[in-house]
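# Coordinates in review
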Amino acid sequence: MAGAVRGGSRVQAKPPVKAPPKAARAPARRTSRAAREPHGLSPKLALAGAVAVLALALGVTLATGHRGQQLAANIGGAIDNRFAAAGFRVRHVEVQGASPMARADIARAAGLYQDQPLLGLDLGALRRHVEQVGWVKEARIVRLLPDTLVVVVAERHQLAVWQHAGRQHVIDEHGQVIPEADARRFTALPLVVGEGGAEHAPEILPVIAQRPKLMSRMDALVRVDDRRWDLRMKDGSLIQLPASGEEEALMQLERLDQRSRILELGFDRIDLRNPDVVAVRPRQNPPLSSPAAAGA
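A few points on the structure. Given the structure is predicted, the values throughout are model-derived calculations rather than measurements.

### Let's talk about the pattern of salt bridges
Enumeration according to the criterion identifies 17 salt bridges in this entry. When the shortest N-O distance is used, the salt bridge between Glu 264 and Arg 261 registers 3.0 Å. Overall, Glu 264 belongs to the partly exposed group, its relative accessible area being 36%. Under the relative-accessibility criterion, Arg 261 is labelled partly exposed at 43%. Through salt bridges with shared partners, a single ionic network connects Lys 213, Asp 257, Arg 261 and Glu 264.

### Notes on the sheet that holds strand β13 (residues 279-281)
On the basis of which strands lie adjacent, the open sheet formed by eight strands has the order β7-β6-β8-β9-β10-β11-β12-β13 and mixed pairing. With one partner strand each, in any of the chains shown, β7 (167-172) and β13 form the two edges of the open sheet. For this sheet, the mean inter-axis angle between neighbouring strands, taken without regard to orientation, is 20°. Taken together, the three bridges between strand β6 (residues 158-164) and strand β8 (residues 191-193) define a ladder with parallel strand orientation.

### A few points about helix α5 (residues 123-131)
Ala 125, Leu 126 and Val 130 are the residues of α5 that are buried. With its buried residues spanning 140° around the axis, α5 presents them on a single face. Considering only its buried residues, α5 is in contact with α4 (100-110), β4 (136-144) and β5 (148-155). The backbone nitrogen of Gly 124 has a side-chain oxygen 3.2 Å away, supplied by the residue at the start of α5, namely Asp 122.

### Overview of the environment of Leu 112
Tracing the sequence through the fold places Leu 112 in the loop between α4 and α5. Take Leu 112: its relative accessible area is 21%, and that puts it in the partly exposed class. Sequence separation between Leu 112 and Val 90 is 22 residues; the distance between their C-alpha atoms is 8.1 Å. Apart from residues no more than four positions distant in its own chain, Leu 112 is found in contact with Val 93, Leu 121, Leu 126 and Leu 149.

### A word on the sheet that holds strand β3 (residues 92-96)
Within a sheet, each strand pairs with its neighbour through backbone hydrogen bonds, oriented either parallel or antiparallel. The strand order across the open sheet formed by three strands is β3-β5-β4, and the pairing between neighbours is mixed. On the outer flanks of this sheet lie β3 and β4, each paired with one strand and no other. Taken pair by pair, the neighbouring strands of this sheet meet at an average axis angle of 15°, ignoring direction. Relative to β5, β3 is paired through five bridges, and the arrangement is parallel. Note on β5: the bridge partner recorded for Val 93 is Leu 149. Relative to the sheet, α4 contacts β3, β4 and β5, its axis offset from that of β5 by approximately 125°. Lying on the sheet, α5 is in contact with β4 and β5; it crosses β4 at an angle near 150°.

### Looking at the nonpolar core
Formed by 28 residues in total, the largest nonpolar core has its most connected members in Leu 205, Ile 208, Leu 214, Leu 221, Leu 231, Ile 239 and Leu 241. Mapped by element, the contributors of at least two residues to this core are β6, α6 (197-209), β9 (218-224), β10 (228-233), α8 (246-260) and α9 (262-265). Looking at this core element by element, the count peaks at six residues for α6. With sequence-adjacent residues up to four places away left out, Leu 241 is seen in contact with Ile 204, Arg 228, Trp 229, Asp 230, Leu 231, Glu 246, Ala 249, Leu 250, Leu 272 and Arg 273. Listed in part, the 27 residues of the second largest apolar core include Val 90, Ala 98, Val 133 and Trp 135.

### With respect to the pairing of β9
Bridging between β8 and β9 involves two bridges; their strand directions are parallel. The residue of β9 that forms the bridge with Val 193 is Val 222. Linkage of β9 to β10, two consecutive antiparallel strands, is achieved through a turn of three residues, within which Asp 225 is found at a positive phi near 55°.

### Some words on the side chain of Asp 230
With respect to the helices, strands and loops of the structure, Asp 230 is situated in strand β10. Residue Asp 230 is classed as buried on the basis of its relative accessible area, which comes to 9%. At a separation of 2.6 Å, a polar atom in the side chain of Asp 230 contacts the side chain of Arg 228. Sequence-distant contacts of Asp 230, that is, excluding residues within four places in its chain, are made with Ala 220, Leu 221, Val 222, Val 224, Leu 238, Ile 239, Gln 240 and Leu 241.

So, how was this worked out
- Residues numbered from 1 in each chain as written.
- Predicted model: local features only at pLDDT ≥ 70, side-chain atom pairs only at ≥ 80, totals over all residues.
- Heavy atoms only, no water.
- Salt bridge = Lys/Arg side-chain N within 4 Å of Asp/Glu carboxyl O.
- Buried < 20%, exposed > 50% of the residue type's maximum accessible area, 1.4 Å probe, protein only.
- Pairing = 2+ DSSP bridges.
- Helix = DSSP H or I, 4+ residues; strand = E, 2+ residues; numbered from the N terminus.
- Axes fitted to C-alpha atoms, helices over the stretch in contact; angles between N-to-C directions.
- Arc of directions from axis to C-beta.
- Contact = heavy atoms within 4.5 Å.
- Polar contact = N/O pair within 3.5 Å; in protein donor to acceptor, adjacent residues only side chain to side chain.
- Core = buried A, V, L, I, M, F, W, Y, C linked by side-chain atoms within 4.5 Å.

Structure representation (structure tokens):
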């Protein structure tokens, strides 16, 4: 029969339900990347969340004033910690442009520590701290995500060692003292002595440096009454320069040396203070190694 009667009504018989063939079955869902990753945020998601949260913090700050600033600071601290957990933390610090002696002082001034949150660093404040180091003329801070901070510095050029009031200091090309520099480690630099020597050394030292023969024989550059210079030579002799026109006086000395080889033969004192007259006091007892002594 096509159907059975139940309770006076006809009920149609339903055909049995067949399972779909294996090829027609829907493939199993792949596990999403978020489900497979650990509980920490991925770097991309962390950055996206940062933009949204920082925008919210800025809006709150503008709307509520001082209380909003405090709230934004608290939110920023929480974001920094979250970023650090996602891998945005200080793992590497590179100092470029600094000498080995300066790097320790720069690192100390920067105050960075391992695993410090990287995105929350105030680069402007960090740059100012680095530029307070005496070695540093200027600095630039570069943040390389996810874990590197680069400190690029222009180091001040060490010009001379300045001796005054029983102490020695290293000075730069502008006559400024570099406090962190140990003068005992800069024996190859020219020695400048006397009050006012640091301030005026950048004016006279380049002029003398143009004359290597004279520079190699000079032991110290002495500032006299903070008006003029005496050149104290390694053999104990003295060259007195005028208060002005030092380069012209040194040119006179060069001409004298070309005629008489005075720098090689030796002298007790050469007075160049009068531009019209070069006064030379010969050495009374020439050293045995000098040509004059050898021919005696």
